[in-house]
Amino acid sequence: MTVRTRFAPSPTGYMHIGGMRTALFNWLWARHNTGQFVLRIDDTDQQRNVEEALEPILDAFRWLGLDWDEGPETGGDCGPYFQSQRREHYDEAINQLLDTQCAYLDFESPDETRQQREVAEREKKQYVSSRTSLDLTINEIEARKAAGDPHVVRFLVPRNRTVRITDLVRGEVEWDCSLMVDPVIARNDGSPLYNFATVVDDAAMSISHVIRAEEHLSNTPIQVLIHEAIGTPLPEFAHIPFVAAPASKRKLSKREIGKYRQQKEFRKLFELGDQVLTRIGRDAGEDGLSPVMVAFYREVGFLPSGLLNALVRLGWSLDDETEIFSNAEMQQHFGLQRVVSGSAGLDPDKLMSYQAHWMSELSHEERLHGCLGFLKEAGLIQPDADEITRNRVKYVIELAGDRIRVFGDILSLDEFFVEDDDLEFDDKNFRKRVVTPDETIGLLKNLRDELADCTPFHSAALHDLVQEFVDRQGIRFGAIAAPLRLCVTGKAQGADLFGTLELLGQATSLKRIDRAIGIAETMRSG
RNA sequence: GGCCCCAUCGUCUAGUCAGGCCUAGGACACUGGGUUUUCAUCCCAGCAACGGGGGUUCAAAUCCCCCUGGGGUCACCA
């Protein structure tokens, strides 16, 4: 049997990271079995602009390299792949269900239904559908239809039985049908509802494995019943754990980002995002990009391989030690048998470590390419960067080494790209290391003059020079290294100090030291 | 509340199906040490878990029952 999996997003305007993990598992299972992965758009409820709301979702798939064999843009034999365009399939199935008395027209108003529900709740009784419309004669039904009475189509749940499935990750799960409400499968205008459309389409598209998040488990008995009523073969089900918020068991939700921002485990990711996004003029925060969305990671400069590695390990493992998976390795090894059943919290720390690993695997050229994009976006270099600029960036990247975990990190090395007079100083550290100590400005002045005589202005020579200076003055190395760093970069931390000086060049270094001394003196006298 | 799912270090997990190889393994984080006379890496070491109670058994993290806890879901949304 050909393995065919699907992911069926509704066009919401963004791609949720948890949904992406579900999509990944589907894609992996299809690829592992040399089957097909189908993308189907669940837009039965759409009032919004589908095309516009779909684009970010497709972008996420393209960025991560999850290609779909059938779906929007690529087409396929089971199309169309938009549910809004598959009405005839649903109509046909509804008529079949009506003909076989597996479904019925319900003329009860939503208000009546709601009231019954409330009454049952108050009396602590299980609510089940009243089925009053079942008592209508054929003539009465025709008359009400002719009169234009609003009605829906409900699936008639067979109450005297149970539904049992063998879930590929959860094992045997069973439901008592007498407790189930007859689900609405079509609205008054004939448009289908999710639970129903999904079944029709999964069958029509020969989906062999329905791999979806655990929150759909409770939809499953209805879908099984509908499959049986229509007479289509049952797919295998695999309900994977949902992606939880860091250090929690709760479903990761876009609505909670305000809370997440305050959370210890999550904060670092938000801060990384803020740092990068504000510099490239993107909106971060509640309405903008956030770590629940795939786009966030792309915009901040994560690697697809880093994100993918983190996602694949969220609820799945190969063995007791393998952590790093390339795309090819995932495809080779992924299996539904080793999906865990407990919820899996996103771990920002671990994500960063996967990311750092895959960043370190990149060639110089690839790293340069990624960083260049961010520098341009931030306006730190010209869009048409010349060879000299590119070379400079290359050196900066080399100097920065492992400090660049995501491409956006290059923006924190802005000291190499700003004009000398535009360099901003980290106020707190500048005061602490340069302004406050009484002897520092004097030391800097002396060192500055020695630096002015240093030729060639190379890292090793500079190191020797400072070392001799430190010995002669009888001070700690850090007593001059830290202030010097502050003067030329504005920061307390950064790449190798002497490499930094060399790259900045003699003229710039001296100019910045002079400027810093001037500012420090003003601060002391003020 | 009904129904359903879940339960091992702070986190992601291995071990559970086929009970003994588990004084519970790995990774991330954290802590300490070494390397880097600056920063980041890197190396080594350490910390740290079977939710509770009953069974079954020579033997239980592993099988059974109960409890507790956590979560999901209960739409003319998807």
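Residues numbered from 1 in each chain as written. Chains lettered and ligands numbered in written order. Predicted model: local features only at pLDDT ≥ 70, side-chain atom pairs only at ≥ 80, totals over all residues. Heavy atoms only, no water.

Colleague: Tell me about the packing of aromatic side chains, and name the residues and values.
Modeller: In this description, a pair of aromatic rings is defined by centroid distance and the angle of the planes. With the rule as written, the count across this model stands at 12 aromatic pairs. Plain terms: the ring middles of Trp 316 and Phe 325 are 5.2 Å apart, the flat faces sit at 55° to each other, and that makes the pair tilted. As far as burial versus exposure is concerned, Trp 316 and Phe 325 are alike and both buried. Both rings, one in Phe 477 and one in Phe 498, keep their centres 6.3 Å apart while their planes meet at 65°; by these two values the pair is edge-to-face. Taken together, the residues span a long stretch of sequence, with Phe 477 in helix H19 (residues 477–489) and Phe 498 in helix H20 (residues 497–504) at a distance of 21 residues. An aromatic cluster of three or more residues is present, and its members are Phe 7, Phe 37, Phe 61 and Trp 68. The lysine or arginine in question, Lys 254, covers the ring of Tyr 14, its NZ or CZ lying 4.6 Å from the ring centre. (Phe/Tyr/Trp six-rings, centres within 6.5 Å; stacked < 30°, edge-to-face > 60°. Buried < 20%, exposed > 50% of the residue type's maximum accessible area, 1.4 Å probe, protein only. Helix = DSSP H or I, 4+ residues; strand = E, 2+ residues; numbered from the N terminus. Lys NZ or Arg CZ within 6 Å of the ring centre and 35° of its normal.)

Colleague: Hey, could you go over the confidence of the model for chain A for me, with residue numbers and the actual values?
Modeller: Residues at a pLDDT of 70 or more form 99% of chain A, whose mean pLDDT is 93. For this predicted complex, the interface confidence reaches an ipTM of 0.95, while the overall pTM sits at 0.95. (pLDDT = per-residue confidence, 0-100.)

Colleague: A description of the packing of H19 against H20 should follow, citing residues and the corresponding values.
Modeller: Put simply, H19 and H20 touch, their axes get as near as 11 Å, and they point 35° apart. For the pair H19 and H20, the sense of crossing is left-handed. Counting all contacts with H19, which are made through Phe 477, Ala 481, Leu 484, Arg 485, Val 488 and Thr 489, the residues of H20 involved are Leu 497, Phe 498, Thr 500, Leu 501 and Leu 504. Considering only residue class, the contact of H19 with H20 consists of eight nonpolar, two polar and one charged. (Axes fitted to C-alpha atoms, helices over the stretch in contact; angles between N-to-C directions. Left-handed = near helix turned anticlockwise from the far one by under 90°. Contact = heavy atoms within 4.5 Å. Nonpolar A, V, L, I, M, F, W, Y, C, P; charged D, E, K, R; others polar.)

Colleague: Requested: an account of the pairing of strand S4 (residues 152–155), with residues and values cited.
Modeller: Residue alternation in S4 divides its side chains into two sets, Val 152 and Arg 154 and Val 153 and Phe 155, and both sets are buried. Looking at chain direction, strand S3 (residues 103–106) and S4 are connected through four bridges and run antiparallel. What sits directly across from Asp 106, in S4, is Val 152. (Pairing = 2+ DSSP bridges.)

Colleague: Outline the sheet that holds strand S7 (residues 184–186), supporting the account with residue identities and numerical values.
Modeller: The three strands are arranged S3-S4-S7 in an open sheet whose pairing can be described as antiparallel. The open sheet is flanked by S3 and S7, the only strands paired with a single partner. Shown here is a sheet whose adjacent strand axes are inclined to one another by a mean of 45°, direction ignored.

Colleague: Can you break down the environment of Gln 101 residue by residue, with the values?
Modeller: Its location among the elements puts Gln 101 in the loop between helix H3 (87–99) and S3. Judged by relative accessible area, Gln 101 falls into the exposed class, the value being 59%. Linking Gln 101 and Leu 156, residues 55 residues apart in sequence, is a C-alpha distance of 7.7 Å.

Colleague: So what about the pattern of salt bridges? Which residues, and what values?
Modeller: Counting across every chain of the model gives 44 salt bridges. As a salt-bridge pair, Arg 164 and Glu 174 come within 2.7 Å of each other at their nearest N and O atoms. Of this pair, Arg 164 sits in strand S5 (residues 162–167) while Glu 174 sits in strand S6 (residues 171–176); the two residues are 10 residues apart in sequence, bridging distant segments of the chain. Accessibility expressed as a relative area gives 51% for Arg 164, which makes it exposed. The closest approach of N and O atoms between Glu 365 and Arg 390, which form a salt bridge, is 4.0 Å. Within this pair, whereas Glu 365 is found in helix H14 (residues 364–377), its partner Arg 390 is found in helix H15 (residues 387–400), the two being separated by 25 residues in sequence. The class for Arg 390 is partly exposed, based on a relative accessible area of 28%. Residues participating in the shared-partner salt-bridge network are Arg 6, Arg 40, Asp 42, Arg 86, Asp 201 and Asp 202. (Salt bridge = Lys/Arg side-chain N within 4 Å of Asp/Glu carboxyl O.)

Colleague: Describe a negative patch on the surface, and please don't skip the residues or the numbers.
Modeller: Taken together, the side chains of Glu 419, Asp 421, Asp 422 and Glu 424 define an acidic patch exposed on the protein surface. Of note, Glu 424 is situated in the loop between H15 and helix H16 (427–435). (Patch = residues over 30% accessible without salt bridge, like charges linked within 9 Å, V, L, I, M, F, W, Y side chains within 5 Å. Areas by Shrake-Rupley, 256 points an atom, 1.4 Å probe, with all protein chains shown as cover. Lys, Arg positive; Asp, Glu negative; His and termini not counted. Charge placed at Lys NZ, Arg CZ, Asp CG, Glu CD.)

Colleague: So what's going on with the environment of Thr 220? Residues and values would help.
Modeller: By secondary structure assignment, the location of Thr 220 is in helix H7 (residues 220–230). Given the relative accessible area of 0%, Thr 220 is considered buried. Here the alpha-carbon distance between Thr 220 and Val 276, two residues 56 residues apart in the chain, equals 42 Å. For Thr 220, the side chain forms a polar contact with the side chain of His 239, separated by 3.2 Å. (Polar contact = N/O pair within 3.5 Å; in protein donor to acceptor, adjacent residues only side chain to side chain.)

Colleague: So what's going on with helix H9 (residues 264–279)? Residues and values would help.
Modeller: Its 16 residues place the ends of H9 24 Å apart at the C-alpha level, agreeing with the 22 Å of an ideal helix rising 1.5 Å per residue. Among all positions of H9, only Phe 266, Leu 269, Phe 270, Leu 272, Gly 273, Val 276 and Leu 277 are buried. Each buried residue of H9 sits inside an arc of 160° when the element is viewed along its axis, so together they form one side. In H9, the exposed positions angled more than 90 degrees off the buried face are occupied by Lys 264, Lys 268 and Thr 278. Along its buried surface, H9 packs onto helix H8 (257–262), helix H10 (294–300), helix H13 (348–360) and H14. Gly 281 lies just past H9 and shows a positive phi near 70°. (Expected span 1.5 Å × (residues − 1). Arc of directions from axis to C-beta.)

Colleague: Tell me about the protein's contact with RNA strand B, residues and numbers included.
Modeller: Neighbouring residues of RNA strand B: 57 residues in total, closest Thr 44, Asp 402, Arg 403, Gln 467 and Asp 496. Taken together, the sugar and phosphate atoms account for 73% of what RNA strand B places within 4 Å of the protein. In this structure, Glu 214 approaches RNA strand B through a side-chain N or O atom, which is 3.4 Å from a sugar or linking oxygen. Of the residues that constitute the surface near RNA strand B, the class distribution is 15 nonpolar, 16 polar and 26 charged. (Near = heavy atom within 4 Å.)

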